[in-house]
Amino acid sequence: MSSFFTAPEAQKKRKRPAVTEAPKKRLAATKTAPKPASKGAAKPAAAPKTKAIERDESISGSDLESDESGDDVQDRSGSEAGSDQSDREGETAAEKRLRLAQRYLEKARKEVELEDEYAFDAEEIDRDLLAERLQEDVAESKGKVYRRLASELNFGEASHTQFRWNSGSVTSVAVCAPYAYTTTKDGYLTKWKLQDLPKNQWPQATRRKSKKPPAPPKRRPERICFAKANPSKTKDKTYQGHTGAPIAVKASQDGKYVVTGGVDRRLVVYNAADLKPIRAFTQHRDAVTGLAFRRGTNQLFSCSKDRTVKVWSLDELAYVETLFGHQDEILDIDALAQERCVSVGARDRTARYWKVPEESQLVFRGGGGESGSSKKHKLPPNIDPASAAHEGSMDRVAMIDDEIFVTGSDNGDLSLWSIQRKKALHVVPRAHGIDPPLKPSEASADEVPDPKVVPAPQPRGVTALRTIPYSDLILSGSWDGCIRVWRLSEDKKKIEAVGVLGGASLPTVTANGIQSEDSGGRGQYRDLVRGIVNDIAIFERGERGRDGLCVVAVTGKEMRLGRWKVLKEGRCGAVIFEVPKVAPKKQDGAELNGTSAGSEGEE
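Residues numbered from 1 in each chain as written. Predicted model: local features only at pLDDT ≥ 70, side-chain atom pairs only at ≥ 80, totals over all residues. Heavy atoms only, no water.

A. Structural detail: the packing of aromatic side chains. The full count for this structure, using the stated rule, is 7 aromatic pairs. Judged by centre distance (6.0 Å) and plane angle (65°), the ring pair of phenylalanine 364 and tryptophan 417 falls under edge-to-face. Here the residue phenylalanine 364 occupies a position in strand β17 (residues 360-365), and tryptophan 417 occupies one in strand β20 (residues 414-418), the gap between them amounting to 53 residues. An identical accessibility class is assigned to phenylalanine 364 and tryptophan 417; each is buried. The interplanar angle of 10° and the centroid separation of 6.4 Å between the aromatic rings of phenylalanine 405 and tryptophan 417 together place this pair among those described as stacked. Taken together, the residues span a long stretch of sequence, with phenylalanine 405 in strand β19 (residues 404-409) and tryptophan 417 in strand β20 at a distance of 12 residues. For tryptophan 417, a relative accessible area of 2% corresponds to the buried category. Taken together, the ring pairs in this structure connect Phe281, Trp312 and Tyr319 into an aromatic cluster. When the ring centre of tyrosine 179 is taken as origin, the NZ or CZ atom of lysine 191, which lies over that ring, is 4.3 Å away. (Phe/Tyr/Trp six-rings, centres within 6.5 Å; stacked < 30°, edge-to-face > 60°. Helix = DSSP H or I, 4+ residues; strand = E, 2+ residues; numbered from the N terminus. Buried < 20%, exposed > 50% of the residue type's maximum accessible area, 1.4 Å probe, protein only. Lys NZ or Arg CZ within 6 Å of the ring centre and 35° of its normal.)

Structure below.
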């Protein structure tokens, strides 16, 4: 039923019936209206009455319109919104896809314009940039590798900064730019603020150039706050913090939560702003050794020495479910955008790919490749067969995309896996080289020890492993004092060495695991980074990594899970590497120094 508020604009004005005589009230108020003398003179006398009536109507109508003008604007906006909503309700699936695609293209076009400071309105260039962005987004939604970063970064020109706070071995690190979170064996969880790049630290506030020289850039991170475990609260069931040392830490992608797992079997959720504990979960029956957030969400996966993987929802602060299957303690776990994760089971030498919605798992057994029974026949002639240790434990895992992942073992093997194949696609043996042989006095307590009692040198195990999701870049760490850089081949079937972080003169490892002896390079590196690399965290500088890469590596004198390897000359702290982009080529075709240095590092 139509009403005054739903009628069209033209019909909203009130209309009175056309009568020959004015109402009595109007006649009493109008003094100029003449009195009719006879019936015949009524018709000519009606004209001035009609004018007076119209004047009164116009006045009353203007007052009404002024009173209801605000309501008309609201009605129009409401009607427009209602019409848009009704149009959307009536649109087909194809029209909806077209509308969403147009909105997405407009958003992508604005992002592309913001990225390039010197962008100009060129239709072909805009079309190419949008096409590239669309291809990347489609590849990421499908979980495929689409970024080639190893060739775009100049690892030979990376700068570094060291920092430390207390004396405990640093066991884990997590990054949510611009903040980093570290855990130590003496029970501390510390929040650090990483410094910006030097070009962004002191922006010029005025147009006039200052006569004073610019201040030196800040490089050392700033400690914001910390939380410490309280062993005296072990029997307090209401305590929401750690009672033992935390050994694993992760930060949510939205920067809201920080989660730690410790030897006290607790998984504690903190507020990232001030590290105040929010909730402590005690469902695990042994030490929590690894954590992984599902990309873009607050869904968390945790692994423990109790041989289980548990799923949590931090939005509801609730436990979801438990995954069983490993036959030994689980040491590491990783996850990406899909509701799937990969874990490694230490001495059971298996990596398990968990499909959580399907409630199924894929099992990948180690010991393949060059770690098999015929390994001694493939050794180089200058390596002792006793130094070719078999794979005893899978310690580290990192996902490259939703189908490819890499694992690191205690015998130094770096293995590439695909969910399409049960065996490893490629194995890099002794990725971090072999330890130097012991001195006879260190191997025997005799006054004159026999050189035959000296055992064969053993390979260094992989103690840290990290990748940039959906790219070809892989970083690994051990106690040889370097962060080694690897890349995935274009056919996604091999791992190739790129270089090292810390200097171009460092010892290199060939494909056979042979380490070249360079005392000068090793001495230079030991002055730079000392200790066992227990964890690595990576984040990209700038929009989509246009300002380079930041790598945070934490070290300690001991391994994160035990003391079976102790380096007395090690240092408990962290090292930050700032890796710049490869400098573009000059117009005459000659390359800049940074590019040539990067190519030498790759060779």
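Picking up after the structure, the text goes on.
B. Summary view of the sheet that holds strand β24 (residues 483-488). Strand order in the open sheet formed by 4 strands is β22-β23-β24-β25, with antiparallel pairing between adjacent strands. With one partner strand each, in any of the chains shown, β22 (464-467) and β25 (495-501) form the two edges of the open sheet. With strand direction ignored, the average angle separating the axes of adjacent strands in the sheet is 25°. Judged from the 5 bridges that link them, strand β23 (residues 473-477) and β24 form a sheet pairing that is antiparallel. By the bridge assignment for β24, glycine 477 is matched with isoleucine 483. (Pairing = 2+ DSSP bridges. Axes fitted to C-alpha atoms, helices over the stretch in contact; angles between N-to-C directions.)

C. The arrangement of the UniProt feature "repeat: WD" (unreviewed entry) in the chain in detail. Mapped onto this structure's residue numbering, the UniProt feature "repeat: WD" (unreviewed entry) falls at residues 239-280, 281-322, 387-427 and 462-496. When the span residues 462-496 is considered, its composition is 0% helix and 49% strand, and the gap between its end C-alpha atoms is 16 Å. (UniProt positions renumbered as here; feature names shortened; annotations may be inferred.)

D. Fine view of the nonpolar core. One finds Phe155, Leu473, Ile483, Leu501, Ile536, Leu549 and Phe577 to be the most contacted residues of the largest nonpolar core, which totals 23 residues. Leaving out residues up to four positions away in the same chain, phenylalanine 155 has contacts with Ala150, Leu473, Val485, Val498, Val500, Leu501 and Val579. Core analysis: the next-biggest nonpolar cluster, separate from the first, contains 15 residues, Val344, Trp417, Ile419 and Ala424 among them. (Core = buried A, V, L, I, M, F, W, Y, C linked by side-chain atoms within 4.5 Å. Contact = heavy atoms within 4.5 Å.)

E. A look at the sheet that holds strand β5 (residues 222-228). Taken together, the 4 strands give an open sheet; going across it, the order is β2-β3-β4-β5, and neighbouring strands pair in antiparallel fashion. The open sheet has two edge strands, β2 (170-176) and β5, and neither has a second partner. The sheet shows a mean angle of 20° between the axes of neighbouring strands, taken without regard to direction. Sheet analysis places strand β3 (residues 179-184) next to strand β4 (residues 188-193), joined by 5 bridges and oriented antiparallel.

F. Fine view of the pattern of salt bridges. In the structure shown here, the tally under the stated rule is 15 salt bridges. Note that arginine 340 is salt-bridged to glutamate 358, the shortest N-O span being 3.7 Å. Of this pair, arginine 340 sits in strand β15 (residues 340-344) while glutamate 358 is found in the loop between β16 (350-355) and β17, placing the two residues 18 residues apart along the sequence. The salt bridge partner of arginine 541 is glutamate 578, with a shortest N-O separation of 2.6 Å. Of this pair, arginine 541 sits in the loop between β26 (532-540) and β27 (549-556) while glutamate 578 sits in strand β28 (residues 573-579), placing them 37 residues apart in sequence. Taking the relative accessible area as the measure of exposure, arginine 541 reaches 8% and is therefore buried. One network of salt bridges, in which partners are shared, links Lys185, Glu558 and Arg563. (Salt bridge = Lys/Arg side-chain N within 4 Å of Asp/Glu carboxyl O.)

G. Region of the structure containing the side chain of histidine 326. Within the element layout of this structure, histidine 326 appears in the loop between β13 (318-324) and β14 (332-335). Judged by relative accessible area, which is 5%, histidine 326 ranks as buried. A distance of 2.8 Å separates the side chain of histidine 326 from the side chain of serine 343, its partner in a polar contact. Discounting chain neighbours no more than four positions away, the residues touching histidine 326 are Arg307, Ser343, Val344, Gly345, Asp348, Thr350, Arg352 and Trp354. (Polar contact = N/O pair within 3.5 Å; in protein donor to acceptor, adjacent residues only side chain to side chain.)

H. A look at the confidence of the model for the chain. Looking at the chain, the pLDDT average stands at 78 and 67% of residues meet or exceed 70. Contacts from residues 504-526, a stretch scored under 50 in pLDDT, to residues over four places away or in other chains number 49 contacts. In this model, residues 587-603 is a region of pLDDT below 50 whose contacts with residues beyond four sequence positions or in other chains number 21 contacts. (pLDDT = per-residue confidence, 0-100.)

I. How the structure looks around the side chain of serine 444. Tracing the sequence through the fold places serine 444 in the loop between α6 (440-443) and β22. Using a relative accessible area of 16% as the deciding quantity, one classes serine 444 as buried. Among the polar contacts listed, one links the side chain of serine 444 to the backbone nitrogen of aspartate 446, at a separation of 3.2 Å. If near-sequence neighbours (up to four positions away) are discounted, serine 444 is found in contact with Pro449 and Val453.

J. Fine view of the pairing of β16. Burial analysis of β16 places 5 of its 6 residues in the buried class, the great majority of the element. Where β15 meets β16, 5 bridges bridge the pair, whose relative direction is antiparallel. Its bridge partner lying in β16, arginine 340 is registered against lysine 355. The antiparallel hairpin formed by β15 and β16 contains 5 residues in its connecting segment, where alanine 346 sits at a positive phi of about 55°. The antiparallel hairpin formed by β16 and β17 contains 4 residues in its connecting segment, where glutamate 359 sits at a positive phi of about 55°.

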